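Spelled out, the chains give:
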Amino acid sequence: MSPDLIIENATAVLPSGTYEGVSVKIENGVISDIRQGSFRTYGKKLDARKLLLFPGFVDIHCDAIEKEIEPRPNTFFPISVALFELDKKLSACGITTIFHAISFAEGEIGIRSNERAYSLVKEINRLKDHLNTRTCVHLRFEITDELAVPYVEDLVKSRYIELLSFMDHTPGQGQFKSVLEYKNYFGRVYKKSEEELEETISKKILSRNFAKERIEYVSSLCRAYGIPMASHDDDSKERVVWLKEMGVVISEFPVSLEIAQFVKGLGLMVCLGAPNVLRGVSQANNLSARDAVKQGYADILCSDYAPMALLHSVFTLEKLGIMPIHDAIKLASLNPAQVVGLSKP
């Protein structure tokens, strides 16, 4: 049994507002009481005078593990080394619950092969109890990858994942509005040859004709096992309506303000990238996350590919006068925790 820890004199940022002179009591690693003033009790005490105390961040979409494992094209580090080193970075960024976003998208990039992705999910589950950060898996299912379905089915039934999203990176819609944009990104970032890119694109276009049946099957598995689902790079109202009928509750990175507004109207939670907030622009020149937050069309911030961006994006929203700090914090803590079932409203 670990000794009690008392954090005193903090400026606590809570969902209802910001409060000075707050003390927090932690027993056996769990917050047991929060109050203004001091606790008359024994235990280790930490003076947090002049410091802000935030809730831990719940990051439901972070694929930074890909770069930890494959920092350069076709250069791979051991999974265990990558996980433990990334765990340190996550803790330093205030992330206390991480959903490692693992893509099942055969042939896109090195780490996104089904065998590697499957091994990574299994290794995360083997090691998660030894990590400082509460560690979960967000399985990203590329709907044009028919060979991924058996892997997805096994991981769902084995209860190795806590969130699943449906992706479609076929050029001409979503993130990549044209074939040229797709080629520029994967050719430049992942050193894919023209021949490799053409082959990948052809397979995606052909396989997309049968994606509906895959989505229906995978979503039925998730509903049966109580796994929340998300859509990705939404650009079509009709598609969002249909995915909601399949049980999707989160819309990740809608590509325009119009779609974000529509998604909110349907009652889905909108998840935006913290790097977008921090930089003030989308990587793919799609929706500005700052504009979406200003209009009230944002519920969740995730780190996407940069864990450090989550903390900085919260301060950015306050600094720019877009929202007070306690509301910004909810986008990275309370709201994502609730939508994935980690806390009760």
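Residues numbered from 1 in each chain as written. Predicted model: local features only at pLDDT ≥ 70, side-chain atom pairs only at ≥ 80, totals over all residues. Heavy atoms only, no water.

To continue, consider the overall build of the chain. Tallying secondary structure elements over the chain gives 14 helices and 13 strands in all. Counting all 345 residues of the chain, 52% fall into the buried class. Residue pairs at least 24 apart in sequence account for 65% of intrachain contacts in the chain once pairs closer than 6 positions are excluded. Total accessible area computed for the chain in this model is approximately 16100 Å², and 53% of it derives from carbon and sulfur atoms. (Helix = DSSP H or I, 4+ residues; strand = E, 2+ residues; numbered from the N terminus. Buried < 20%, exposed > 50% of the residue type's maximum accessible area, 1.4 Å probe, protein only. Contact = heavy atoms within 4.5 Å. Areas by Shrake-Rupley, 256 points an atom, 1.4 Å probe, with all protein chains shown as cover.)

Relative to the assigned elements, E142 resides in strand β8 (residues 134–142). The spatial distance from the C-alpha of E142 to the C-alpha of M167 is 4.7 Å, given a sequence separation of 25 residues.

Between the first and last C-alpha of helix α12 (residues 308–319) there are 17 Å, a value that for 12 residues agrees with the 16 Å anticipated at 1.5 Å per step. Within the sequence span of α12, burial applies to A309, L310, S313, V314, T316 and L317. Looking straight down α12, one finds its buried side chains confined to an arc of 160°; they lie on one side. Of the surrounding secondary structure, the elements contacted by the buried residues of α12 are β6 (57–62), β7 (95–104), α10 (274–279), α11 (289–294), β13 (300–302) and α13 (325–332). Directly after α12, the chain includes G321, whose backbone phi takes a positive value near 75°. (Expected span 1.5 Å × (residues − 1). Arc of directions from axis to C-beta.)

This next bit is on the nonpolar core. F104 and F166 are the most contacted members of the largest nonpolar core, which has 74 residues in total. The contacts of F104, once residues within four sequence positions are left out, are N114, A117, Y118, V121, L139, R140, F141, E142, D145, A148, Y151 and L155. Counting residues in hydrophobic clusters, the runner-up holds 14 residues, among them C136, C271, C302 and A337. (Core = buried A, V, L, I, M, F, W, Y, C linked by side-chain atoms within 4.5 Å.)

Two pairing modes exist for strands in a sheet, parallel and antiparallel, and in both the strands are linked by backbone hydrogen bonds. Pairing within the open sheet is parallel, and its 8 strands lie in the order β6-β7-β8-β9-β10-β11-β12-β13. The open sheet terminates on both sides in strands that have one partner only, identified here as β6 and β13. Shown here is a sheet whose adjacent strand axes are inclined to one another by a mean of 25°, direction ignored. Of the pairings in the sheet, the one linking strand β12 (residues 269–273) to β13 comprises 3 bridges and is parallel in character. Paired with G273 across the strands is C302, a residue of β13. (Pairing = 2+ DSSP bridges. Axes fitted to C-alpha atoms, helices over the stretch in contact; angles between N-to-C directions.)

Summed over the entire model, instances satisfying the criterion amount to 15 salt bridges. Taking the shortest distance from any N to any O, the salt bridge between K264 and D299 comes out at 2.8 Å. Residue K264 is found in helix α9 (residues 257–266), and its partner D299 is found in the loop between α11 and β13; the two are separated by 35 residues along the sequence. (Salt bridge = Lys/Arg side-chain N within 4 Å of Asp/Glu carboxyl O.)

A few words on unusual backbone geometry. With a phi angle near 60°, R159 is a residue other than glycine that sits in the positive phi range. The residue R159 is located in the loop between α4 (149–157) and β9 (163–167) in this model. What makes R159 exposed here is its relative accessible area of 54%. In this model, D233 sits at a positive phi of 55°, which is unusual for a non-glycine residue. Within the secondary structure, D233 is located in the loop between β10 (229–232) and α8 (237–246). D233 sits in the buried class, given a relative accessible area of 7%.

Side-chain positions along a regular strand alternate between the two faces of the sheet. Of all 6 residues that make up β6, 6 are buried, and the element is covered over most of its length. In this sheet, β7 lies alongside β6 in parallel orientation, the contact comprising 4 bridges. The residue bridging C62 from the neighbouring strand is H100, located in β7.

What follows covers the environment of I143. Inspection of the secondary structure assignment puts I143 in the loop between β8 and α4. In this structure the C-alpha to C-alpha distance between I143 and F166, which are 23 residues apart in sequence, comes to 6.3 Å. Setting aside residues up to four positions removed in sequence, I143 forms contacts with F166, M167, D168, A211, R214, I215 and R239.

Next up on the list: the packing of α8 against α9. One way to put it is that α8 packs onto α9 with a least axis distance of 10 Å and a crossing angle of 25°. Judged by the angle between their axes, α8 and α9 are roughly parallel. Crossing of α8 over α9 shows right-handed handedness. The segment α8 lies against α9, with K237, V240, V241 and K244 engaging E258, I259, F262, V263 and L266. Its residues assigned to classes, the contact of α8 with α9 comprises 6 nonpolar, no polar and 3 charged. (Parallel < 35°, antiparallel > 145°, perpendicular 65-115°, else oblique. Left-handed = near helix turned anticlockwise from the far one by under 90°. Nonpolar A, V, L, I, M, F, W, Y, C, P; charged D, E, K, R; others polar.)

Counted at 1.5 Å a residue, the expected span for helix α2 (residues 79–92) with its 14 residues is 20 Å, and the 20 Å between its end C-alpha atoms agrees. Burial in α2 covers these residues: A82, L83, L86, D87 and L90. Down the axis of α2, the sector holding all buried residues measures 135°, keeping them to one side.

With respect to the helices and strands, S165 occurs in strand β9. Exposure remark for S165: the relative accessible area of 0% places this residue in the buried category. A polar contact of 2.7 Å, which involves the side chain of S165, links it to the side chain of H138. Discounting chain neighbours no more than four positions away, the residues touching S165 are H138, L139, R140, F141, A230 and E252. (Polar contact = N/O pair within 3.5 Å; in protein donor to acceptor, adjacent residues only side chain to side chain.)

Spatial relationships are all this shows, so hold off on functional conclusions.
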